[in-house]
Amino acid sequence: MTILTDTYTLNNGVKIPKIGFGTWQIPDGEVAYDSVRMALDAGYRHIDTAYVYGNECSVGRAIRESGIDRDEIFVTSKLPAEVKKADEVLPHFEKTMENLGLDRLDLYLIHAPWPWAHAGMMRMDEENLAVWNEMEKIYHSGRVRAIGVSNFDNLDLKNILHRAEVTPAVNQIQYYVGATEPRNRTCAQSHGLLIEAYSPLATGGLLDSPKLKAMAEKYGVSTVQLAIRFCLQNGVLPLPKATHREHIEANAQVDFTISDADMDKLNAFDDPNPDNHNPSQR
Ligand SMILES: NC(=O)c1ccc[n+]([C@@H]2O[C@H](COP(=O)([O-])OP(=O)(O)OC[C@H]3O[C@@H](n4cnc5c(N)ncnc54)[C@H](OP(=O)(O)O)[C@@H]3O)[C@@H](O)[C@H]2O)c1
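The rules behind the values
Residues numbered from 1 in each chain as written. Predicted model: local features only at pLDDT ≥ 70, side-chain atom pairs only at ≥ 80, totals over all residues. Heavy atoms only, no water. Near = heavy atom within 4 Å. Polar contact = N/O pair within 3.5 Å; in protein donor to acceptor, adjacent residues only side chain to side chain. Areas by Shrake-Rupley, 256 points an atom, 1.4 Å probe, with all protein chains shown as cover. Nonpolar A, V, L, I, M, F, W, Y, C, P; charged D, E, K, R; others polar. Helix = DSSP H or I, 4+ residues; strand = E, 2+ residues; numbered from the N terminus. Buried < 20%, exposed > 50% of the residue type's maximum accessible area, 1.4 Å probe, protein only. Contact = heavy atoms within 4.5 Å. Salt bridge = Lys/Arg side-chain N within 4 Å of Asp/Glu carboxyl O.

Section: the site of the ligand
Move 1: Near the ligand lie 28 residues; those nearest to it are Trp-24, Asp-48, Ser-199, Thr-203 and His-247.
Move 2: Here an oxygen atom of the ligand sits 3.1 Å away from a polar atom, N or O, in the main chain of Thr-23.
Move 3: The separation between an oxygen atom of the ligand and a polar side-chain atom of Asp-48 is 2.7 Å.
Move 4: Within the complex, the protein chains bury 88% of what would otherwise be the 920 Å² of accessible surface of the ligand.
Move 5: A per-class count over the shell around the ligand returns twelve nonpolar, 13 polar and three charged.

And the structure:
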């Protein structure tokens, strides 16, 4: 078993490969198709996409044409953040399934608790509960193996936890060395949710950190590999995105151990990009 097939277990018993391949900002068409095929060829078995990424068609085609048994690949997609009416949830799910060309999804997430134009600036508790109740119906239909949320802060999450039947399986949040949303993360983990780390490389912003580079050299790895390993050792699931084969392959080479002392240092790191967050990402 490699790190790409090693799994976490979600709160409903479903196994999820410990590293996911991110696809945000990978253009639909050849680039998305080739990137996902390269990732699958390199051994990744977990692909993260979303309706709003606009690349579900190519991502799905790459999965279908990979020759790999569907049951071996964990596929996540997301309900657009702008969808806050109950009767719009199922039609969006159907569209995602049509785009992907799959008859079953492994994980379906509410992309955010607010439309992006109001990120972190409004509460939509009643709307999110109504949307979640529709997600529960899809889950009970058996067409998705787990459901969860993304970008939820602790209050958004408690709104669902206290009033819904199904506990979300994951909260996918922005998480990288120096920016780990301690309040939201702790709340989610204390209720049994897995944290998925989006932008684990700070969308490339971590690459040139001199402090990270110095520590990475000590282990004979790259800054990126250190940043991915940091997530794993904190029990979090990283979703690195890459389009270059050498990046895709290197990001799976994280079979080393960061010492406890260095994990303490990394967990106390300053945010390399403090202006890059909305108010709820703390
Ligand atoms: N739920 C949400 O709201 C949300 C928000 C943001 C992201 N996400 C998810 O999280 C995933 C990852 O986040 P992200 O897209 O922000 O990016 P990221 O993984 O933090 O960083 C990606 C960048 O790092 C570069 N890179 C990757 N591996 C590298 C390596 N070994 N050496 C040098 N450079 C390397 C990539 O370059 P190349 O592409 O040129 O290879 C790309 O420019 C997304 O794709 C998406 O699936 C979710």
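Okay, back to it.
Things to note about the environment of Leu-79
Move 1: By secondary structure assignment, the location of Leu-79 is in strand 5 (residues 74–79).
Move 2: With relative accessibility at 0%, the residue Leu-79 sits in the buried group.
Move 3: Spatially, the C-alpha atoms of Leu-79 and Val-89 are 7.3 Å apart, while their sequence positions differ by ten residues.
Move 4: Excluding residues within four positions of it along the chain, Leu-79 makes contact with Val-89, His-92, Tyr-108, Leu-109, Ile-110, His-111, Val-131 and Met-135.

Some thoughts on the pattern of salt bridges
Move 1: In the structure shown here, the tally under the stated rule is 16 salt bridges.
Move 2: Residue Arg-123 is joined to Asp-125 by a salt bridge in which the shortest nitrogen-to-oxygen separation is 3.8 Å.
Move 3: Across the pair Lys-265 and Asp-262 runs a salt bridge whose closest N-O atoms are separated by 3.6 Å. Residue Lys-265 and its partner Asp-262 are located together in helix 10 (residues 260–267), separated by three residues, close to a single helical turn.
Move 4: A single network of salt bridges, built from pairs that share partners, joins Arg-70, Asp-71, Arg-104, Asp-106 and Arg-145.

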